[in-house]
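Per-entry structural report
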Amino acid sequence: MGIARLLAKGWIIFCLFAAAHAMRLAWLAGQTVPQSFPAIAICALLFIAMGLLFVGGFGVSAGHFTGTPLLARLRPRHLMPGFNETVFVAFVILSFFNQAFVAADMIDGSGAGALERAIFFVVPGQRALVHALEACTLDGGRAFAAAFTWLLAIIFLASAASRLKLQAGLIRLESQSRPQALGPTLRAFLFGLVAVLCIQFLFVGSAYPWLNCSAFADITGGVLIGLAPLMLVYLIVAALASLMASSPENIK
């Protein structure tokens, strides 16, 4: 997977997820959908266009270095989601649905408590989030929503790891038929570097003490709790696949 496509997909999902939370917060504030949808939709489209413009510039520059125009390298199959992408989008939708409609009613549930305790033990970032929420006297199902998202992220990682060799082979074949400015090894290094930083901020939980209490009650908290763990795991999978693709043994 090229960096441009990864950035484009990630940015679109980020903007749509943030827009969905903006709609939810507007609805909780008493606004109807017809009142809030036009302004939120326009903002989301502008942010998506801004990000795609940046990514498109990166793709054009990559096409310049490889000698192949961007439009000539674009194929309809590149726009079709693969199995990992389909599962990822389904998990993102499931995470948002849980945040918006389920988590607040599951605070006192025994199943929710068991899941929270399990993720609290496994994920240091969950412990940091719980301590931050306790300091802010905030919950409202946020701890359960975070635990549920981490569970989805772990499931996605296990599912994608079983197809890493296949994905690495596809990356190598694509690189041979459509050379890119950055090879699999350099892409793996860049993905891995960003993944290590995100692991420190999210999985270890270094980012949560920096946030104000108000951040957990707005779109920032919603994205960090419901989307960031899944995007972190997707980035880790992309780094591992690119690393495996740097070895010629993966296409045998």
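As the structure is a computational prediction, the values presented were derived from the model and not from experiment.

Parameters at a glance
- Residues numbered from 1 in each chain as written.
- Predicted model: local features only at pLDDT ≥ 70, side-chain atom pairs only at ≥ 80, totals over all residues.
- Heavy atoms only, no water.
- Helix = DSSP H or I, 4+ residues; strand = E, 2+ residues; numbered from the N terminus.
- Buried < 20%, exposed > 50% of the residue type's maximum accessible area, 1.4 Å probe, protein only.
- Contact = heavy atoms within 4.5 Å.
- Areas by Shrake-Rupley, 256 points an atom, 1.4 Å probe, with all protein chains shown as cover.
- pLDDT = per-residue confidence, 0-100.
- Salt bridge = Lys/Arg side-chain N within 4 Å of Asp/Glu carboxyl O.
- Disulfide = S-S within 2.5 Å.
- Expected span 1.5 Å × (residues − 1).
- Axes fitted to C-alpha atoms, helices over the stretch in contact; angles between N-to-C directions.
- Parallel < 35°, antiparallel > 145°, perpendicular 65-115°, else oblique.
- Left-handed = near helix turned anticlockwise from the far one by under 90°.
- Nonpolar A, V, L, I, M, F, W, Y, C, P; charged D, E, K, R; others polar.

**Quick look at the overall build of the chain**
- For the chain, the helix and strand inventory stands at twelve helices and zero strands.
- The linear arrangement of helices and strands in the chain, starting from the amino end, is α-α-α-α-α-α-α-α-α-α-α-α.
- Looking at the chain as a whole, 42% of its 252 residues qualify as buried.
- Residue pairs at least 24 apart in sequence account for 82% of intrachain contacts in the chain once pairs closer than 6 positions are excluded.
- Carbon and sulfur atoms provide 75% of the accessible area of the chain, an area that totals close to 13400 Å².

**Let's talk about the confidence of the model for the chain**
- Per-residue pLDDT for the chain has a mean of 83; in total, 81% of the residues score no lower than 70.
- Per-element averaging of pLDDT across the chain places helix 3 (residues 70-73) at the bottom with 50 and helix 11 (residues 219-226) at the top with 94.

**A look at the pattern of salt bridges**
- For the coordinates displayed, the defined rule picks out one salt bridge.
- With a shortest N-O distance of 3.7 Å, Lys9 and Glu85 are connected by a salt bridge. Note that Lys9 is positioned in helix 1 (residues 3-28) and Glu85 in helix 5 (residues 83-102), a separation of 76 residues in sequence.
- Since its relative accessible area comes to 26%, Lys9 is described here as partly exposed.
- Here Glu85 falls in the buried class, since its relative accessible area comes to 14%.

**Observations concerning the state of the cysteines**
- Within this structure, the stated rule accounts for one disulfide.
- Through a disulfide, Cys136 is tied to Cys213; the S-S separation comes to 2.0 Å. An S-S torsion of about -80° defines the bridge between Cys136 and Cys213 as left-handed. One end of the pair, Cys136, is in the loop between helix 7 (124-135) and helix 8 (142-161); the other, Cys213, is in the loop between helix 10 (184-203) and helix 11, and 77 residues separate them in sequence.
- By relative accessible area, Cys213 is classed as partly exposed at 36%.

**Quick look at helix 8**
- Between the first and last C-alpha of helix 8 there are 28 Å, a value that for 20 residues agrees with the 28 Å anticipated at 1.5 Å per step.
- Along helix 8, the residues that are buried comprise Ala143, Phe144, Ala145, Ala146, Ala147, Phe148, Thr149, Trp150, Leu152, Ala153, Phe156 and Ala160.

**Examining the side chain of Ser95**
- Mapping Ser95 onto the fold places it in helix 5.
- Residues in contact with Ser95, not counting those within four places in the same chain, are Phe148, Thr149, Leu152, Gly226 and Leu230.

**Observations regarding the environment of Gln167**
- Relative to the elements of secondary structure, Gln167 occurs in helix 9 (residues 164-177).
- Relative accessible area serves as the criterion here: at 15%, Gln167 is assigned to the buried category.
- The sequence separation of Gln167 and Ala245 amounts to 78 residues, and the corresponding C-alpha distance is 8.2 Å.
- Gln167 has contacts with Asn84, Val237 and Ala241, leaving out every residue within four places of it along the chain.

**Thoughts on helix 1**
- Between the first and last C-alpha of helix 1 there are 37 Å, a value that for 26 residues agrees with the 38 Å anticipated at 1.5 Å per step.
- Of the residues flanking the end of helix 1, it is Gly30, one or two places downstream, whose phi is positive at about 105°.

**Some points on the environment of Phe191**
- With respect to the element layout, Phe191 can be found in helix 10.
- Under the relative-accessibility criterion, Phe191 is labelled buried at 6%.
- Separated by 188 residues in the primary sequence, Phe191 and Ile3 have C-alpha atoms spaced 8.6 Å apart.

**Some thoughts on the packing of helix 7 against helix 8**
- One way to put it is that helix 7 packs onto helix 8 with a least axis distance of 10 Å and a crossing angle of 170°. Here helix 8 runs roughly antiparallel to helix 7, going by the angle between their axes. Classified by chirality, the crossing of helix 8 by helix 7 is right-handed. Contacts between helix 7 and helix 8 involve Gln126, Leu129, Val130 and Leu133 on the former and, on the latter, Arg142, Ala143, Ala146, Ala147 and Trp150.
- The class makeup of the residues in the contact of helix 7 with helix 8 is seven nonpolar, one polar and one charged.

**With respect to the environment of Val130**
- As for its position among the elements, Val130 is in helix 7.
- With 14 residues separating them along the chain, Val130 and Glu116 place their C-alpha atoms 9.7 Å apart.
- Excluding residues within four positions of it along the chain, Val130 makes contact with Phe120 and Ala143.

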